[in-house]
Amino acid sequence: NKSSACTTVPIVTCENNRSIPIISLEQEGSPEVIQEGNCIRLKGNGNNIVKSTDRLLFDWYGIIK
């Protein structure tokens, strides 16, 4: 929200929203996918966040369960 174009756009996070689906990318810890209600948290440090993203996509496409 630092540019003038975004001053009126709210920042939506898993903590402050329960009505719309959110995918949160969090650069911390080991690769992990956590689903909490309408929120999906993809965790991982550095390139390990790609492992979390791949895991979620493979599950959605039915490649792994």
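Quantities reported herein were computed from a predicted structural model and do not represent experimental measurements.

**Some points on the sheet that holds strand β2 (residues 32-36)**
Sheet strands pair by backbone hydrogen bonding; their relative direction is either parallel or antiparallel.
Piece 1. Taken in spatial order, the 3 strands make up an open sheet running β1-β3-β2, and their pairing is mixed. In the strand order of this sheet, the two ends are held by β1 (22-26) and β2, each with one partner. Strand-to-strand twist in this sheet, taken as the mean axis angle between neighbours without regard to direction, amounts to 15°.
Piece 2. Judged from the 5 bridges that link them, β2 and strand β3 (residues 39-43) form a sheet pairing that is antiparallel.

**Regarding the environment of Thr53**
Piece 1. On the secondary structure map, Thr53 appears in helix α1 (residues 48-60).
Piece 2. What makes Thr53 partly exposed here is its relative accessible area of 27%.
Piece 3. Linking Thr53 and Leu42, residues 11 residues apart in sequence, is a C-alpha distance of 6.5 Å.

**Considering α1**
Piece 1. Spanning 13 residues, α1 covers 19 Å between terminal C-alpha atoms, matching the ideal 18 Å at 1.5 Å per step.
Piece 2. All of the buried residues along α1 are Ile49, Ser52 and Leu56. Seen end-on, α1 carries its buried residues on one side only, within an arc spanning 55°.
Piece 3. Against the buried residues of α1 lie β1, β2 and β3.
Piece 4. Once α1 ends, the next one or two residues include Gly62, with phi positive near 80°.

Calculation criteria
Residues numbered from 1 in each chain as written. Predicted model: local features only at pLDDT ≥ 70, side-chain atom pairs only at ≥ 80, totals over all residues. Heavy atoms only, no water. Pairing = 2+ DSSP bridges. Helix = DSSP H or I, 4+ residues; strand = E, 2+ residues; numbered from the N terminus. Axes fitted to C-alpha atoms, helices over the stretch in contact; angles between N-to-C directions. Buried < 20%, exposed > 50% of the residue type's maximum accessible area, 1.4 Å probe, protein only. Expected span 1.5 Å × (residues − 1). Arc of directions from axis to C-beta. Contact = heavy atoms within 4.5 Å.

These figures come from the coordinates and say nothing about function on their own.
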